[in-house]
Amino acid sequence: MSEKEKEKENVVTEKVVSEADELPKTIVRRVVKDKLSQLSMDSEVSVLRDSLQGFCESARIFIHFLSATANDVCKESNRQIINAEDVFKALEEIEFAEFVPPLRTSLEEFRQKNAKRKSESLKAKETSKKGKKKEPSSTDGVGNKEEDEDEIEEE
Amino acid sequence: MKRAGTYSGILSGGISGRTGPHLLPLARIKKIMKKSSDDVKMISGEAPIVFSKACELLIEEITKRAWNITVQGKRRTICKEDVASAVITTDTFDFLVNLVLDSANSQDSPRP
């Protein structure tokens, strides 16, 4: 009995290790449910928990397959870093060319969002720097203001 | 006030919609990519994002086909067999056939 319990524990630990390498079920379930809500507006379709495992595993093997193909594409062009274009070519090679247009638009959206965030963070840094520079001149500000007022009056 | 990182807003879907363009964790995708082959060493920052969306599209495609099978059988619950049938009947999902057959065999094999 104790040996069987140990075997069960080993199986459980192995499952835990492999689950860490899999994609999170909660997110996969959300994707499946969102798609089902698009497909069946009237009736509610549910998904068995066991079948979710199939979705997760399918996605994981897809990543393996696609990354190996993208790696080959990258090697053929004598580069070492797999980039987005390699992935697009790989998708065409494995007969998933229909995925390429929506992926390109999604990537463009990400690039635009990233560029906006970078510019916002740069602006924030500049304003914080300006704020720090103004602090030591605050004591002299009174004198400066008087000078400004004089300039305005002269005008 | 803590500021959100680059990816957190994208993963949470941003301000507008509940589902963002990228849902799957990019670090885990990178991990799986590196395990696919010993040759895979360097991956650009944009590649996992493309992979994440590609996985989402794949899951949606399998869901659609499995749902068709469920509806044809006049049922309301997608089961594992529906997913397996969807994979087997689609040519582009040939790379998943072994997975489906393995899972079917593991179910059929008698437990000690």
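Residues numbered from 1 in each chain as written. Chains lettered and ligands numbered in written order. Predicted model: local features only at pLDDT ≥ 70, side-chain atom pairs only at ≥ 80, totals over all residues. Heavy atoms only, no water.

As annotated in an unreviewed UniProt entry, chain B carries the name Nuclear transcription factor Y subunit C-3 and is attributed to Forsythia ovata. In its Subunit (unreviewed entry) section, the UniProt entry covering chain B states "Heterotrimeric transcription factor composed of three components, NF-YA, NF-YB and NF-YC. NF-YB and NF-YC must interact and dimerize for NF-YA association and DNA binding." Reading the Sequence similarities (unreviewed entry) entry of the UniProt record for chain B gives the comment "Belongs to the NFYC/HAP5 subunit family." (UniProt positions renumbered as here; feature names shortened; annotations may be inferred.)

Looking at an unreviewed UniProt entry, one finds chain A named DNA polymerase epsilon subunit 3-like and attributed to Forsythia ovata. Recorded in UniProt under Subcellular location (unreviewed entry), the annotation for chain A is "Nucleus".

Q: It is not clear to me how the overall build of chain B should be interpreted in this structure. Could you clarify?
A: Regarding its fold elements, chain B presents 5 helices and 2 strands. Across chain B, helices and strands are ordered from the amino to the carboxyl terminus as α-α-β-α-β-α-α. Within chain B, the proportion of its 112 residues that are buried is 45%. When the accessible surface of chain B is split by element, carbon and sulfur atoms take 51% of a total near 6500 Å². (Helix = DSSP H or I, 4+ residues; strand = E, 2+ residues; numbered from the N terminus. Buried < 20%, exposed > 50% of the residue type's maximum accessible area, 1.4 Å probe, protein only. Areas by Shrake-Rupley, 256 points an atom, 1.4 Å probe, with all protein chains shown as cover.)

Q: Can you walk me through helix 3 (residues 49–76) of chain A in this structure?
A: Spacing of three or four residues puts side chains on the same side of an α-helix, whose turn is 3.6 residues. Its 28 residues place the ends of helix 3 of chain A 42 Å apart at the C-alpha level, agreeing with the 40 Å of an ideal helix rising 1.5 Å per residue. Just past helix 3 of chain A, the residue N78(A) takes up positive phi, approximately 55 degrees. (Expected span 1.5 Å × (residues − 1).)

Q: Can you help me understand helix 4 (residues 84–93) of chain A in this one?
A: All names here are of chain A. When we look at burial in helix 4, the residues that qualify are A84, D86, V87, F88, A90 and L91. A side-chain oxygen of the first residue of helix 4 lies 3.3 Å from the backbone nitrogen of E85; this N-cap is N83. After helix 4 finishes, the residue E95 shows a positive phi value of roughly 65 degrees. (Polar contact = N/O pair within 3.5 Å; in protein donor to acceptor, adjacent residues only side chain to side chain.)

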